Every structure is written in C-alpha cells, then in structure tokens.
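Chain and residue survey
Residue-level listing of the chains:
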Amino acid sequence: MNYRVFGRCGWAVSEVGFGAWAIGGGWGKVDEEDAIAALHRAIDCGVNFIDTADVYGDGKSERLIARVLKDRKERVFVATKAGRRLVPHTADGYTEENLTKFVERSLKNLEVETIDLLQLHCPPTEVYYRPEVFAALDKLVAQGKIRYYGVSVEKVEEGLKAIEYPGVRSVQVIFNIFRQRPAELFFARCREKRVAIIARVPLASGLLTGKVTKDTVFPPDDHRNFNRYGQAFDRGETFAGVDFEKGLEAVEELRTLVSPGFTMAQFALKWILMFPEVSTVIPGAKNPRQAEENAKASDLPPLQEDVMERIREIYKEYILPDVHHRW
C-alpha cells in the first residue's frame with residue numbers, strides 16, 4: 001500500500017481507502033459478518049482511511065466501524081458526514097444546533113471522543129454561501145468534538161466555493177473515468193491551497209467493474225434500482241450520472257485497454273491514482289475479497305500515457321456530452 005499526504009492535516013493516508021456506504025445500506029443486502037470481515041481485511045492490507053456517514057444505515061455503518069477498530073491497534077483515520085439527516089434537507093437546517101446534535105450522535109456511534117474528519121454531506125449549494133455554517137464547524141473544532149472538517153460536494157463549483165473557507169481541509173468529489181471534469185481546474189486549486197481530495201464513486205456504482213450487464217437485476221433496496229434517474233437523491237451518485245446503456249457501451253471500449261494482471265475495477269482505480277492531487281480513493285467493499293482486490297490496485301504499475309489518452313477519447317465520445325457540464 002502506498003500512502004499520500006492528506007492536505008494540511010498532514011496525515012499519511014492509504015491512497016486506497018474504504019468507502020463504508022454499502023455496509024450500512026442502500027446497496028442491497030450485506031451480511032454483517034461479511035462487512036466486519038471486509039473492514040478487517042482492508043486494514044490488514046494497509047488501508048488506514050475509512051469514509052462513512054451518519055445516514056448510512058441510520059448509523060449502522062458508523063457502529064460497525066467502531067466494533068472493528070476496538071480490535072485493531074493500527075491508527076485508522078475515520079471520516080464521517082453530517083447534514084443528510086435533515087428533513088427537509090434545506091440550507092436553513094445547517095445550524096450550529098443541528099450540526100452539534102449530528103456530531104454528538106456520530107461520536108456515540110463511533111465510540112470516540114473526537115471525530116477525525118467531519119464532512120458536510122452534499123448540502124444545498126446555498127450552504128456554501130453561509131459563513132455562519134463554517135463558523136459553527138470552527139466552534140466544534142475548538143470544543144474538541146471534531147479534529148478537522150471538510151465538505152462532500154455534488155458539483156465542482158461547490159468545491160471551488162468551499163475551499164475559500166480557510167477551515168476546509170478536504171473536499172470529497174465524484175471522480176472516475178466517467179466523471180473527469182474535476183481534473184480540469186479544481187485539482188489545481190486544491191493543490192495551491194493544500195486541500196485534500198477524496199475521490200468517491202470511483203467505480204461508477206459498479207459500471208466500471210465490468211461485471212454489470214444490461215440484464216443485471218438490482219434489489220429493490222439498492223440505489224442502482226431506485227435512484228437511476230435521481231428519484232431519491234442527486235442522480236450523479238448513481239452510475240456517476242451516466243446513462244446506463246451508454247455507460248455499458250463505454251465499458252466495452254475500456255475493457256480492451258485493461259492490462260494483464262489487472263481486474264477492470266483495479267484498472268479504474270489505478271486511473272484515479274494517476275492524479276497526484278487525489279489524496280485517497282474510497283471504493284466500497286461488501287466482503288473481504290473485494291476489500292483485498294481494491295487495496296491491491298495501489299501496488300499495480302502506472303497506466304501508460306497512450307492508455308490514458310485513449311481513456312480520454314472514450315470519455316469524450318460516450319460520456320462528456322451528457323455529464324461533463326452537469327457536475
């Protein structure tokens with residue numbers, strides 16, 4: 001496992017982290033023991049950064065992480081998120097009182113005295129124009145309830161606005177072969193300000209594993225079934241906002257570029273790691289085998305420039321017209 005500096009926090013984090021959405025819920029049934037074993041296997045493989053949220057399984061994901069870390073001696077950095085518990089989810093709900101309640105709940109779930117990294121969980125765009133929200137986060141840092149804070153964004157523009165606040169240490173953004181826009185301007189701005197970048201949805205909700213076909217049936221409680229067109233939350237979170245059929249066509253083009261020794265998922269993760277601005281990428285894993293395969297991407301050789309160029313061409317042909325301008 002290779003490690004990268006996590007922005008101004010100074011942490012050395014595994015460049016492949018663990019995304020803990022799936023073990024909480026929203027991706028079909030996940031056996032709890034498999035989830036526990038996946039977390040343990042990831043840490044065995046050198047993973048020391050776990051990303052979760054208070055709404056993943058209504059706190060289940062956080063509680064599973066707490067169970068695992070009780071049995072580990074390694075220093076593992078845990079990032080959680082707050083804000084999506086608001087009903088309705090509006091900018092006006094991002095008050096000091098509500099954020100404090102959310103943080104205190106996560107502290108209890110994670111069984112810690114201080115949260116390593118708290119992220120606003122894809123708040124409405126208006127929140128980024130309210131300095132008082134970030135002042136409330138500064139207060140939580142001063143109180144010792146959170147060590148650092150960052151944001152998880154839907155749009156590049158939100159990330160650009162967020163990093164104007166000096167307290168923002170990280171931005172989590174969708175970045176993968178099907179969502180290449182962040183690399184154009186946003187990465188350079190984060191590099192200048194030494195803001196950490198967490199790349200989420202790295203496999204486009206499974207499309208970039210090469211295992212999904214037009215005949216794949218997703219369970220009713222899997223967001224790839226109920227949110228394909230943004231019915232429940234931002235469409236960009238499901239298949240990275242890509243039209244399912246068109247995404248499958250692009251995958252077939254990409255499949256021809258995968259080198260021997262790589263799975264397609266590892267190929268997709270390695271593409272992300274070719275960008276030095278990315279601090280860590282957070283694929284999910286439902287079982288130990290998936291966790292190990294994800295971690296192995298760190299040790300695989302870099303992609304050649306001609307392969308990177310061909311990936312750009314495929315993106316421009318199949319994906320860019322529908323996706324690039326939206327997020």
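Bear in mind the structure is a predicted one, so any value in this text is a computation, not a measurement. (Residues numbered from 1 in each chain as written. Predicted model: local features only at pLDDT ≥ 70, side-chain atom pairs only at ≥ 80, totals over all residues. Heavy atoms only, no water.)

Next up on the list: the pairing of strand β2 (residues 11–14). Judged from the 4 bridges that link them, strand β1 (residues 3–6) and β2 form a sheet pairing that is antiparallel. By the bridge assignment for β2, Arg-4 is matched with Val-13. Where β1 folds back onto β2 in an antiparallel hairpin, the turn is made up of 4 residues, including Gly-7, whose phi is positive at roughly 55°. (Pairing = 2+ DSSP bridges. Helix = DSSP H or I, 4+ residues; strand = E, 2+ residues; numbered from the N terminus.)

Note on placement: Phe-233 falls in the loop between α7 (223–226) and α8 (244–255). It is 9.3 Å that separates the C-alpha atoms of Phe-233 and His-223, two residues lying 10 residues apart in sequence.

In this section: the packing of α8 against helix α11 (residues 305–323). Contact geometry of α8 with α11 gives a least axis separation of 10 Å together with a crossing angle of 175°. One element, α8, and the other, α11, form an angle in the roughly antiparallel class. Residues Lys-246, Glu-249, Ala-250, Glu-253 and Leu-254 of α8 touch α11, and the partners they reach there are Arg-310, Ile-311, Ile-314, Tyr-318, Ile-319 and Asp-322. Grouping the constituent residues of the contact of α8 with α11 by class yields 6 nonpolar, no polar and 5 charged. (Axes fitted to C-alpha atoms, helices over the stretch in contact; angles between N-to-C directions. Parallel < 35°, antiparallel > 145°, perpendicular 65-115°, else oblique. Contact = heavy atoms within 4.5 Å. Nonpolar A, V, L, I, M, F, W, Y, C, P; charged D, E, K, R; others polar.)

Our focus in this paragraph is the packing of helix α3 (residues 96–110) against helix α4 (residues 131–142). Between two packed helices, both the angle of their axes relative to each other and the distance between the axes serve to describe the pair. One way to put it is that α3 packs onto α4 with a least axis distance of 9 Å and a crossing angle of 40°. Between α3 and α4, the angle falls in the class oblique. In the packing of α3 onto α4, the handedness of the crossing is right-handed. Facing α3, whose interface residues are Glu-96, Leu-99, Thr-100 and Val-103, α4 presents Val-133, Ala-136, Leu-137, Lys-139 and Leu-140. For the contact of α3 with α4, the per-class residue count stands at 6 nonpolar, 1 polar and 2 charged. (Left-handed = near helix turned anticlockwise from the far one by under 90°.)

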